[in-house]
Amino acid sequence: NTGDDSTNDSTPDFTVVVPVDHTATLYVDGVAVPASLVAGVLTPTNPLPDGAHSITTTITDAAGNESPQSPSLAISIDTTAPSAPTVTAVPENSNGGVNAAAASDGSIIQVAIPADAKAGDVLTLTIGSGPSTQTVTYTVLAGDVGSTANVPVDAPALATLPEGSIPVTATLTDATGNTSAASAPFNFTLDRAAPSAPTALDLLAASDSGTSSNDDP
């Protein structure tokens, strides 16, 4: 989220105004760390560990006089992705698959959300394969964590998918942009095609009491 000073970049860039013929020093939690300065951007040379950090800088002139440290910037580094979710069910995928009536008003895909997820994480479903692939996103609720999320898939999304077996995979992305591994595919069947009309009926000869077996009265 831009503006919250949280990042999944362990070597983040910091802007600093450095006068000509001066150098800048980067301090992390009060300790000077190696850093590069390019066009007013100060970047630590070595990755910073996950967690909260206080960032300050100083400016040193050509004579070696170092300024006091700047006001601190509080940042949080998080490079750990959530565990992968698991697609568990498409409730309407029963008795042969999702039929035309069920698909006409959308469907629900159920996904198990791991316990290390957080409310506000974004669940992304990839439905289908090839040119017809659909992507559906869902914001995880507090009650979904460690439980099952019911993710709605609208009718227009289903309408673009072909008939037959449809794979679904899921990923989770946290607030700092770390994305989990994809789940194993879950397949459901989409069957919107009605069978052809049956041939015309004929009265069984044994049931035909007319004068002819062909008059069917």
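Scroll up to find the structure.
In this report, the structure presented in the accompanying data block is examined.

Reading guide: rules and limits
- Residues numbered from 1 in each chain as written.
- Predicted model: local features only at pLDDT ≥ 70, side-chain atom pairs only at ≥ 80, totals over all residues.
- Heavy atoms only, no water.
- Helix = DSSP H or I, 4+ residues; strand = E, 2+ residues; numbered from the N terminus.
- Rg over C-alpha atoms; globule rule 2.2 N^0.38 Å.
- Buried < 20%, exposed > 50% of the residue type's maximum accessible area, 1.4 Å probe, protein only.
- Contact = heavy atoms within 4.5 Å.
- Areas by Shrake-Rupley, 256 points an atom, 1.4 Å probe, with all protein chains shown as cover.
- Pairing = 2+ DSSP bridges.
- Core = buried A, V, L, I, M, F, W, Y, C linked by side-chain atoms within 4.5 Å.
- Salt bridge = Lys/Arg side-chain N within 4 Å of Asp/Glu carboxyl O.
- Polar contact = N/O pair within 3.5 Å; in protein donor to acceptor, adjacent residues only side chain to side chain.

Within the protein, the regular secondary structure consists of two helices and 16 strands. On C-alpha atoms alone, the protein measures out to a radius of gyration of 31 Å, which is more than a quarter above the 17 Å that the 2.2 N^0.38 rule sets for 217 residues. On the principal axes, the C-alpha backbone points of the protein span a range of 125 × 30 × 25 Å. A buried classification covers 31% of the 217 residues belonging to the protein. Contacts in the protein between residues at least 24 apart in sequence constitute 64% of all its contacts with a sequence separation of at least 6. Counting only carbon and sulfur atoms, one obtains 55% of the accessible surface of the protein, whose full area is about 12100 Å².

To continue, consider the sheet that holds strand E6 (residues 41–44). Across the sheet, which stays open at both edges, the three strands sit in the order E2-E6-E5 with antiparallel pairing between neighbours. The open sheet has two edge strands with one neighbour each: strand E2 (14–15) and strand E5 (35–38). Note: E2 against E6, two bridges, orientation antiparallel. Directly across from Phe14, in E6, lies its bridge partner Leu42.

By the alternation rule, side chains of strand E14 (residues 148–153) split into Ala149, Val151 and Val153, which are all buried, and Thr148, Asn150 and Pro152, of which none is buried. Across six bridges, the pairing between strand E11 (residues 107–112) and E14 is antiparallel. Counterpart to Ile108 in the pairing with E14 is Pro152.

Once that is clear, we can look at the nonpolar core. Counting residues in hydrophobic clusters, the biggest one holds 28 residues, and the most contacted among them are Ile109, Val111, Leu123, Leu125, Ile127 and Phe188. Residue assignment for this core shows that the elements contributing at least two residues are helix H1 (100–104), E11, strand E12 (122–127), strand E13 (134–139), E14, helix H2 (155–159), strand E15 (164–173) and strand E16 (186–191). For this core, the element with the most residues is E15, which contributes four residues. Counting residues in hydrophobic clusters, the runner-up holds eleven residues, among them Val16, Leu48, Ile75 and Ile77.

With that settled, the discussion passes to the pattern of salt bridges. Opposite charge on two side chains permits them to pair, given that their charged atoms come into close proximity. Under the definition given, this model contains one salt bridge. For Arg192, the salt bridge identified is with Glu163, shortest N-O distance 2.7 Å. A residue pair is termed long-range when its members are at least 10 positions apart, and Arg192 in the segment after E16 and Glu163 in the loop between H2 and E15 qualify at 29 residues. A relative accessible area of 39% means that Glu163 is categorised as partly exposed.

Okay, the environment of Pro82 next. Structurally, Pro82 is set in the loop between strand E8 (73–77) and strand E9 (86–89). Along the chain, Pro82 and Ser94 lie twelve residues apart, while their C-alpha atoms are 31 Å from each other. Ignoring anything within four residues of it in the chain, the contact list for Pro82 reads Asp116, Leu172, Asp174, Asn178 and Ser180.

Okay, the side chain of Ser107 next. For Ser107, the location among the structural elements is in strand E11. For Ser107, a relative accessible area of 9% puts it in the buried group. At 2.7 Å, the side chain of Ser107 and the side chain of Glu92 are in polar contact. Other than its neighbours up to four places away in sequence, Ser107 contacts Val90, Glu92, Val151, Pro152, Val153 and Leu158.

Time to look at the sheet that holds E12. If you walk across this open sheet you meet the five strands as E10-E16-E15-E12-E13, and the pairing is mixed. Of all the strands in the sheet, just strand E10 (98–99) and E13 have a single pairing partner and so form its edges.

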